[in-house]
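Close look at the chain arrangement
The lines below spell out each chain.
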Amino acid sequence: QVQLVESGGGLVQPGGSLRLSCAASGIIFSLNAMAWYRQAPGKERELVAAISISGSTNYADSVRGRFTISRNNAKNTVFLQMNDLTPEDTAVYYCNAKRRLQNTEYWGQGTQVTVSS
C-alpha cells in the first residue's frame, strides 16, 4: 500500500519559515520524481516545486528564491523548506510522487500552511 504522509504545516507569521516533510512508503522512492503542490481556497491546485530522480529541481516563479525542495533517498523523504512566507502562500500543501515509465502517480493527504499575523 502506497502512503505519502506530509507533516510540518501550521500557522506562521509573515516573514517566517516552515519546513514540510513527506515520508513515502510502498514505492521505490529513488525511482520517483517528487513534487509539492498547493491549493488555496477557491483556486486550482498548482505546482510549487519538483525534484527529479537525479536531483534536478524546478520551482514556480512565485516561490523561486524562497522555497527549496530536497530529497533524502535513504529515508524515503522529500522536504520543502519555505522561507520569507507571505499570506499568499497560505494553502493546503500536497506531496506528489510520479514514476513516468510505470505511469503511476500518488498523492498525500495534504498539510495546511497558514501565513497570518
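Look above for the structure.
Okay, so let's go over this structure.

Rules and cut-offs
Residues numbered from 1 in each chain as written. Predicted model: local features only at pLDDT ≥ 70, side-chain atom pairs only at ≥ 80, totals over all residues. Heavy atoms only, no water. Buried < 20%, exposed > 50% of the residue type's maximum accessible area, 1.4 Å probe, protein only. Helix = DSSP H or I, 4+ residues; strand = E, 2+ residues; numbered from the N terminus. Pairing = 2+ DSSP bridges. Salt bridge = Lys/Arg side-chain N within 4 Å of Asp/Glu carboxyl O. Core = buried A, V, L, I, M, F, W, Y, C linked by side-chain atoms within 4.5 Å. Contact = heavy atoms within 4.5 Å. Phe/Tyr/Trp six-rings, centres within 6.5 Å; stacked < 30°, edge-to-face > 60°. Lys NZ or Arg CZ within 6 Å of the ring centre and 35° of its normal. Disulfide = S-S within 2.5 Å.

**Examining the pairing of strand E11 (residues 111-115)**
- With burial as the criterion, only one face of E11 is covered, namely that bearing Thr111, Val113 and Val115; the residues Gln112 and Thr114 on the opposite face remain uncovered.
- One ladder, built from 3 bridges, connects strand E2 (residues 10-12) with E11; its direction is parallel. Within the sheet, the bridge partner assigned to Val12 lies in E11 and is Val115.
- Pairing of strand E9 (residues 91-99) with E11, which is carried by 3 bridges, proceeds in the antiparallel orientation. Residue Ala91 lies in a different strand from E11, and its bridge partner there is Val113.

**Topic: the pattern of salt bridges**
- A full pass over the atoms with the stated rule returns 5 salt bridges.
- Ionic pairing is found between Asp89 and Arg38, a salt bridge with its closest N-O pair at 2.9 Å. A residue pair is termed long-range when its members are at least 10 positions apart, and Asp89 in the loop between strand E8 (77-82) and E9 and Arg38 in strand E4 (residues 33-39) qualify at 51 residues.
- Across the pair Arg66 and Asp89 runs a salt bridge, and its minimum N-O distance is 2.8 Å.

**Description of the nonpolar core**
- Formed by 29 residues in total, the largest nonpolar core has its most connected members in Trp36, Val78, Leu80, Met82 and Tyr93.
- Only strand E3 (18-25), E4, strand E5 (46-51), strand E7 (67-72), E8, E9 and E11 provide two or more residues apiece to this core.
- Apart from the residues within four sequence positions on either side, Tyr93 is in contact with Glu6, Leu20, Trp36, Tyr37, Arg38, Val48, Phe67, Leu80, Met82, Gly110, Thr111 and Val113.

**Side note on unusual backbone geometry**
- Positive phi, normally seen in glycine, also occurs at Asn76, with a value near 50°.
- A relative accessible area of 26% means that Asn76 is categorised as partly exposed.
- One non-glycine residue, Asn103, adopts positive backbone phi at about 55°.

**Observations concerning the packing of aromatic side chains**
- Scanning all chains against the criterion turns up 1 aromatic pair.
- Relative to Trp107, the ring of Tyr37 lies with its centre 4.9 Å away and its plane at 65°, an arrangement referred to as edge-to-face. Pair noted here: Tyr37 is in strand E4 and Trp107 is in strand E10 (residues 104-107), with a separation of 70 residues, a long-range link.
- On the basis of relative accessible area, Tyr37 is assigned to the buried category, the value being 17%.
- Its guanidinium or amino end placed over the ring of Phe79, Arg19 lies 4.0 Å from that ring's centre, counting from NZ or CZ.

**Some thoughts on the state of the cysteines**
- Here the structure, examined in full by the defined rule, presents 1 disulfide.
- Across the disulfide, Cys22 is cross-linked to Cys95 (sulfur-sulfur distance 2.1 Å). The sign of the -80° torsion about the S-S bond sets the Cys22-Cys95 disulfide as left-handed. Here Cys95 lies in strand E9 and Cys22 lies in strand E3, a separation of 73 residues in the sequence.
- Given the relative accessible area of 0%, Cys22 is considered buried.

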